[in-house]
Amino acid sequence: MCGRYVLNATPEQLQKAFDLDNVPRLEPRYNIAPTQPVPIITDASPKELTLVQWGLVPSWSKDPSIGGRMFNARAETAAEKPSFRNAFKRRRCLIPATGFYEWRKEGKTKKPQYIHMKDNSIFAFAGLWEVWTDPEGGELWSCTILTGEPNDLIEPLHNRMAVILEQGDYDTWLDQDAPTEALTEVLQPYPSEEMAYYEVATTVNSYRNEGAELIEPLNPPEQQSLL
DNA sequence: CCAGACGTTGTT
DNA sequence: GTCTGG
DNA sequence: CCAGACGTTGTT
DNA sequence: GTCTGG
């Protein structure tokens, strides 16, 4: 699954990876947490970044705070669930990232692991987005990250993993006319061979902490083999 | 008919 | 223990 | 995801 | 908004 991630790409990387028209200046982020604003690429405006809250608020919600617990949606069921099905049909998005964290349970303690592409390239989570309107007419835009089966790399860490899209599947995912079969086709576990992970300090546990040091390897000697 | 939920993860 | 907030 | 709160009344 | 449960 995915409850904390990293986006420290340059504007050039973002522009190139997603073929954007223009890219706003973005601070590098090493500790993005649910409820925070995140840049996404929507099917409605695929040539630009859109800032939305991470944590999908269904349009019919009475209380938008529900979004705080809607930061993931199961890929297997999102097309049917009342909270997600409309978004699954018409409001899909790419959520750019350069890495994410998983907390591995070791006895009583949880140790954060930083997972990334071996070549440190930028990638995209498969996401859904939604608009919620408050009684005064103000709009809250939000998104969620789909989860699916883990690949062989992540399987020892967790029984779920965020869905990462192949670059060649971006267009399909954002195509509002794509048939359901084509969509489920692209929601496969990302190839293990292209990914790696290592343990990091528990500093990342608090969302208040931020900075490049959060993705520094802990215990570099014994972790080298994993890189 | 109306009331109440609508979600995921992980753990038991 | 469980909910809320970031 | 983890961290942190978890409550009310009345007064400023 | 729409489905489920009573």
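Residues numbered from 1 in each chain as written. Chains lettered and ligands numbered in written order. Predicted model: local features only at pLDDT ≥ 70, side-chain atom pairs only at ≥ 80, totals over all residues. Heavy atoms only, no water.

- With an unreviewed UniProt entry as reference, chain A is termed Abasic site processing protein, source organism Phototrophicus methaneseepsis.
- Turning to chain A, the UniProt record has this under Sequence similarities (unreviewed entry): "Belongs to the SOS response-associated peptidase family." (UniProt positions renumbered as here; feature names shortened; annotations may be inferred.)

A few points about the packing of aromatic side chains
Then comes step 1: Applying the stated criterion across every chain yields a total of eleven aromatic pairs.
Then comes step 2: An angle of 80° between the planes, with centres 5.9 Å apart, marks the rings of F88 and W173 as edge-to-face. Within this pair, whereas F88 is found in helix 2 (residues 85-90), its partner W173 is found in helix 3 (residues 170-174), the two being separated by 85 residues in sequence.
Then comes step 3: Judged by its relative accessible area of 5%, F88 falls in the buried class.
Then comes step 4: Here W173 falls in the buried class, since its relative accessible area comes to 0%. (Phe/Tyr/Trp six-rings, centres within 6.5 Å; stacked < 30°, edge-to-face > 60°. Helix = DSSP H or I, 4+ residues; strand = E, 2+ residues; numbered from the N terminus. Buried < 20%, exposed > 50% of the residue type's maximum accessible area, 1.4 Å probe, protein only.)

Notes on the protein's contact with DNA strand B
Then comes step 1: Near DNA strand B, the surroundings consist of 17 residues, among which R74, K105, T147, H158 and N159 are the closest.
Then comes step 2: When the atoms of DNA strand B within 4 Å of the protein are grouped by moiety, sugar and phosphate amount to 77% of the total.
Then comes step 3: Here a phosphate oxygen of DNA strand B and a backbone polar atom of P82 are 3.2 Å apart.
Then comes step 4: One nitrogen or oxygen atom from the side chain of S83 is found 3.0 Å from a sugar or linking oxygen belonging to DNA strand B.
Then comes step 5: If you tally residues by element for the surface near DNA strand B, the top one is strand 5 (residues 72-74), at three residues.
Then comes step 6: Tallied by class, residues from the surface near DNA strand B come to six nonpolar, six polar and five charged. (Near = heavy atom within 4 Å. Polar contact = N/O pair within 3.5 Å; in protein donor to acceptor, adjacent residues only side chain to side chain. Nonpolar A, V, L, I, M, F, W, Y, C, P; charged D, E, K, R; others polar.)

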